[in-house]
Amino acid sequence: MEFAELTATDQRDHEPDWPEASEVRRARGALARAAPLVQASDIRRLQARLAEPAFLLQAGDCAETFADNTRTSVANRVSLLRAMSDAIEARSGRPVVTVGRIAGQYAKPRSTPTERRAGLALPSYFGDAVNGADFTAAARTPDPRNLVRAHEESARTLARLAGSGVFSSHEALLLDYERPQTRRATDEGRLYDHSAHLLWIGERTRSLTGPHIDFAAEIANPVAVKIGPSATPTVLTGLHAVLNPDNVPGRLAFIFRMGHHRAYDLVYAMLSRILAEGWADRVVCDPMHGNTVVSPAGVKTRVLTAVEDEVRAFFGACNDTGMTPGGIHLEVSGDDVTECVATRVDDGYLAVNYRSACDPRLNPEQASSLAQLVGALLVPHGDFGPRREMAMSGR
């Protein structure tokens, strides 16, 4: 393999404000020389699976941390992913391809660049690949050496994933991390990002004029794009034209994160455009990110019934348009965390074991319950129940 050249699209759009340019160059050079985390043959194998009518289960941490990258933690996450996959397959009879938010989900976009506490303003926490979560000036200063450590920690995780049947994925947010790991395969000449099998572009970075979509268009990996309620079917048209102009099955997925109140109508409109154009793109439901709320104590959480409502609305829209539901995208933990609530916000419950470095995750019991629901809804003409009617009526 040869290293891919860096292109002019490598801009500072949603990139950290690194304090030392020379340190960034040093980190990029180290990543460019490092062994590939995943092989092109395995990336192609995942795309072949995604070209089939298999159902995609994509789940894992909101933000991985270096401290939690232990053998036990990885084993717990993989055990949960496999249990969820088995539950969906057993309930629906449909094969499942399992992709973790794992071995690289060390960066997170934030709504504001700074965080203020008691009159002190510091850089926001952008994930361990950038800075630390502790609210101190030292921890919050972006450090390019964290990019190299993210690669090292991801390599350890992937070694523990060996033989588990779980592919890796993360948000392609830090181009200083992704581009040095993008290399041209000598056997076919295409560019592959060897940091993960699948990369996705987030809601904040999916601009057609931005560097992240440019990057995704260059690589041969399967890619996905998060689609929120501000998007229109015309946005999908532009993204499809750039990211999957040859309409290749298994290449592109749209991950809808609409919020349960509007999910049915918004997804229905998107699916109608996809079907009318005859695109081969996969459609996936993310019922987590549009349903985040803040408790009276100021803690971010998600209510499981709202998450279920969006899942039912997504499947309802698929059923009514005749579109095949392509997958589910979730933030889950392999540990018994108390970050998402069942039916109502309860700060007492949240305080028991809230450990997420960023957004709230489903615990194994909640995740397993949702997997059972997904499996049931995948059965042809499944019972969408009253929650679909609530979603359609806007309640």
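Because the structure is predicted, anything quoted here is derived from the model rather than measured.

A.B. asks: In this structure, what is going on with the environment of Tyr192? I would like to understand it.
C.D. replies: Within the secondary structure, Tyr192 sits in strand S8 (residues 191-193). We classify Tyr192 as buried; its relative accessible area is 1%. Expressed as a C-alpha distance, the spacing of Tyr192 and Arg116, which sit 76 residues apart in the sequence, is 39 Å. Excluding residues that lie within four positions of it along the chain, Tyr192 makes contacts with Ala40, Ile43, Arg44, Gln181, Thr182, Arg183, Ala185, Ala220 and Asn221.

A.B. asks: Would you mind going over helix H3 (residues 71-92) with me for this structure?
C.D. replies: The first and last C-alpha atoms of H3 sit 32 Å apart over 22 residues, in line with the 32 Å expected at 1.5 Å per residue. Buried within H3 are the following residues: Ser73, Val74, Arg77, Val78, Leu80, Leu81, Met84, Ser85, Ala87, Ile88 and Ser92. Check the buried side of H3 and you find it contacts strand S2 (55-60), strand S3 (96-101), helix H5 (145-161), strand S15 (327-331) and helix H12 (364-378).

A.B. asks: I tried to follow the pattern of salt bridges on my own but got confused; where do I start?
C.D. replies: Opposite charge on two side chains makes pairing possible when the charged atoms of those side chains draw close. In total, this model carries 26 salt bridges according to the counting rule given. Its salt-bridge partner being Arg361, residue Asp61 comes within 2.6 Å of it at the nearest N-O pair. Linking Asp61 in the loop between S2 and H3 with Arg361 in the loop between helix H11 (347-350) and H12, this pair joins segments that are 300 residues apart in sequence. The two residues Asp61 and Arg361 agree in class, both being buried. Residues joined in a network through salt bridges with shared partners are Arg101, Lys108, Lys300, Arg302, Glu331 and Asp359.

A.B. asks: Which parts of the structure should I look at to understand the packing of aromatic side chains?
C.D. replies: Centre-to-centre distance and the angle between the planes together describe a pair of aromatic rings. If you walk through the whole model with that rule in mind, you get four aromatic pairs. Relative to Tyr106, the ring of Phe66 lies with its centre 5.0 Å away and its plane at 55 degrees, an arrangement referred to as tilted. You can see Phe66 sitting in the loop between S2 and H3 and its partner Tyr106 sitting in the loop between S3 and strand S4 (114-117), a full 40 residues away along the chain. Take Phe66 and Tyr106: they sit in the same class, and that class is buried.

A.B. asks: What is the right way to look at the sheet that holds S15 in this model?
C.D. replies: Note on sheets: strands pair through backbone hydrogen bonds, and any given pair is parallel or antiparallel. Sheet architecture is closed into a barrel: eight strands sit in the order S2-S3-S6-S9-S10-S11-S12-S15, paired in parallel fashion. In this sheet, neighbouring strand axes are inclined to one another by 25 degrees on average, regardless of whether the strands run parallel or antiparallel. As judged from the three bridges shared by strand S9 (residues 198-201) and strand S10 (residues 223-227), these two strands associate in the parallel manner. Across the sheet, residue Leu199 finds its bridge partner in S10, namely Val223. The strands touched by helix H8 (residues 233-243) are S10 and strand S11 (252-256); relative to S11, the strand with the most contacts, the crossing angle is about 155 degrees. Against the sheet, helix H9 (residues 263-277) touches S10, S11 and strand S12 (282-285), its axis set at about 160 degrees to S11.

Conventions and cut-offs
- Residues numbered from 1 in each chain as written.
- Predicted model: local features only at pLDDT ≥ 70, side-chain atom pairs only at ≥ 80, totals over all residues.
- Heavy atoms only, no water.
- Helix = DSSP H or I, 4+ residues; strand = E, 2+ residues; numbered from the N terminus.
- Buried < 20%, exposed > 50% of the residue type's maximum accessible area, 1.4 Å probe, protein only.
- Contact = heavy atoms within 4.5 Å.
- Expected span 1.5 Å × (residues − 1).
- Salt bridge = Lys/Arg side-chain N within 4 Å of Asp/Glu carboxyl O.
- Phe/Tyr/Trp six-rings, centres within 6.5 Å; stacked < 30°, edge-to-face > 60°.
- Pairing = 2+ DSSP bridges.
- Axes fitted to C-alpha atoms, helices over the stretch in contact; angles between N-to-C directions.

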